[in-house]
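What follows is the residue order along each chain.
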Amino acid sequence: MRTTEVSAVAAEPDPPSRRADARRNHERVFAAALEVFQESGLHGTVPQVAERAGVGKATVYRSYPAKEDLVEAIVAQRLGELDRRTAPALARTDPYERFSAYVTSLFEGLAGDRLLSEALATGQFRRTSGLLSGLSALMDAAKGPGQVRADATELDLRVMLCGMILQLMTNGDRDPALWRRYGELTLRALRP
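Peer 1: Just to check I follow, could you spell out the packing of helix H8 (residues 154-171) against helix H9 (residues 176-189) for this structure?
Peer 2: Helices that pack against each other are described as a pair by the angle of their axes relative to one another and the distance between those axes. Where H8 meets H9, the closest approach of the two axes is 10 Å, and the angle between their N-to-C directions is 155°. Taken together, the axes of H8 and H9 lie roughly antiparallel to each other. Like other packed secondary-structure pairs, H8 and H9 cross with a definite hand, here right-handed. Side by side, H8 and H9 meet where Met-160, Met-164, Ile-165, Leu-168 and Met-169 of the first sit next to Leu-178, Trp-179, Tyr-182, Leu-185, Thr-186 and Ala-189 of the second.

Peer 1: I would appreciate a short explanation of the nonpolar core in the present structure.
Peer 2: Within soluble globular proteins, side chains that are nonpolar tend to cluster in buried spots. Counting residues in each nonpolar core, the largest one holds 54 residues, and the members touching the most others are Val-49, Phe-99, Leu-106, Leu-135 and Ile-165. Ignoring any residue separated from it by four or fewer positions in sequence, one finds Leu-135 in contact with Phe-99, Tyr-102, Val-103, Leu-106, Leu-157 and Leu-161.

Peer 1: Honestly, helix H4 (residues 67-90) in this entry has me stumped. Any pointers?
Peer 2: Working note: α-helix, 3.6 residues per turn, so residues spaced by three or four point in the same direction. When the terminal C-alpha atoms of H4 are compared, their 33 Å separation across 24 residues agrees well with the 34 Å that a helix rising 1.5 Å per residue should span. Remark: the principal bend of H4, roughly 35°, maps to Arg-84, with a proline, Pro-88, within the next four residues. Three or more residues of H4 are buried, namely Leu-70, Val-71, Ala-73, Ile-74, Val-75, Arg-78, Leu-79, Gly-80, Leu-82, Thr-86 and Ala-89. The elements touched by buried residues of H4 are helix H1 (20-40), helix H2 (46-53), helix H3 (57-63), helix H5 (95-110), helix H6 (114-122) and helix H7 (126-143).

Peer 1: What is the right way to read the packing of H5 against H9 from this model?
Peer 2: At a minimum axis distance of 7 Å, the contact between H5 and H9 shows a crossing angle of 145°. Crossing hand, H5 versus H9: right-handed. Along the contact surface, H5 presents Tyr-96, Phe-99, Ser-100, Val-103, Thr-104, Phe-107, Glu-108 and Leu-110, while H9 presents Pro-176, Trp-179, Arg-180, Tyr-182, Gly-183, Glu-184, Thr-186 and Leu-187. Looking at the contact of H5 with H9 residue by residue, the classes come out as nine nonpolar, four polar and three charged.

Peer 1: What is the right way to look at the confidence of the model for the chain in this model?
Peer 2: The predicted coordinates ought not to be read in detail in places where the model reports low pLDDT. Scored by pLDDT, the chain has a mean of 86; 91% of the residues are at 70 or more. Confidence drops under pLDDT 50 across residues 1-11; counting only partners more than four residues distant or on other chains, this segment forms 19 contacts.

Peer 1: Sorry, what's going on with the side chain of Ser-100 here?
Peer 2: Within the fold, Ser-100 resides in helix H5. Owing to a relative accessible area of 16%, Ser-100 belongs among the buried residues under this scheme.

Each value, and the rule that gives it
Here the residue index of a chain counts from 1 through its sequence in written order. Confidence filtering applies because this is a predicted model: local features only for residues at pLDDT of at least 70, side-chain atom pairs given and counted only at 80 or more, and all residues used for totals across whole chains, interfaces and linings. Side-chain figures throughout are based on the complete set of non-hydrogen atoms in the structure, without hydrogens or water. Where helices are involved, their axes are fitted lines through C-alpha atoms of the stretch in contact, as for all axes, and angles between N-to-C directions lie from 0 to 180°. Working definition: helices are DSSP H or I runs of at least four residues, strands are E runs of at least two. Numbering for both runs from the N terminus. For classification, angles of less than 35 degrees are called roughly parallel, those exceeding 145 degrees roughly antiparallel, those between 65 and 115 degrees roughly perpendicular, and all remaining angles oblique. A crossing counts as left-handed when the near helix is turned anticlockwise from the far one by less than a right angle, and as right-handed when that turn is clockwise. A contact between two residues is defined here by any heavy atoms of the two lying within 4.5 Å. What is meant by a nonpolar core is a set of buried Ala, Val, Leu, Ile, Met, Phe, Trp, Tyr and Cys residues, joined one to another through side-chain atoms within 4.5 Å. Relative accessibility thresholds used throughout: buried, under 20% of the residue-type maximum; exposed, over 50%; partly exposed, between the two (1.4 Å probe, protein chains only). The span expected for a helix works out to 1.5 Å for each residue beyond the first. Note on bend: the value at a residue is the angle between axes fitted to the seven residues ending there and to the seven starting there. For this classification, Asp, Glu, Lys and Arg are treated as charged, while Ala, Val, Leu, Ile, Met, Phe, Trp, Tyr, Cys and Pro are nonpolar and the rest, including Gly, are polar. Confidence of the predictor at the level of single residues is given by pLDDT, which spans 0 to 100.

Right, here's the structure in full:
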């Protein structure tokens, strides 16, 4: 995602009293952070964000007192985007179609987003646990019609999903078709 494509809305609204130049800097920092963390994942740095935004590190720290605050804001934004992208899957009526469409859409989306891939795989961000719990609920609903193994657990799903994500990240391949293939393999492993 390029800086020009990012909306001016960051993770939290600016107070109306904030100066116009400070708001612009905040927006530039957020847009630059989106790019840096999508490309570099958790290895992205505040100096990289500052350089890409064309501001000093102190400007970044004024909006986000610690790197973790900035990363949390980006993860929240990326999860919101993921919610929008996967919404059509959740609109399906068949429980297995809903689950399988969500998993394949999830893998395709993660292909181009190193930060969200790492956030899910490592489980170090509170917000990602809700996504995995929701995915587990979709899996459980698909068990009723017998389309998912009756003995499949949330841990099974987490190990397969996160294990594949970690390996794909290690290999450095960002091809959405390849990521989709591994989403499909995850689904096959869960079939009865």
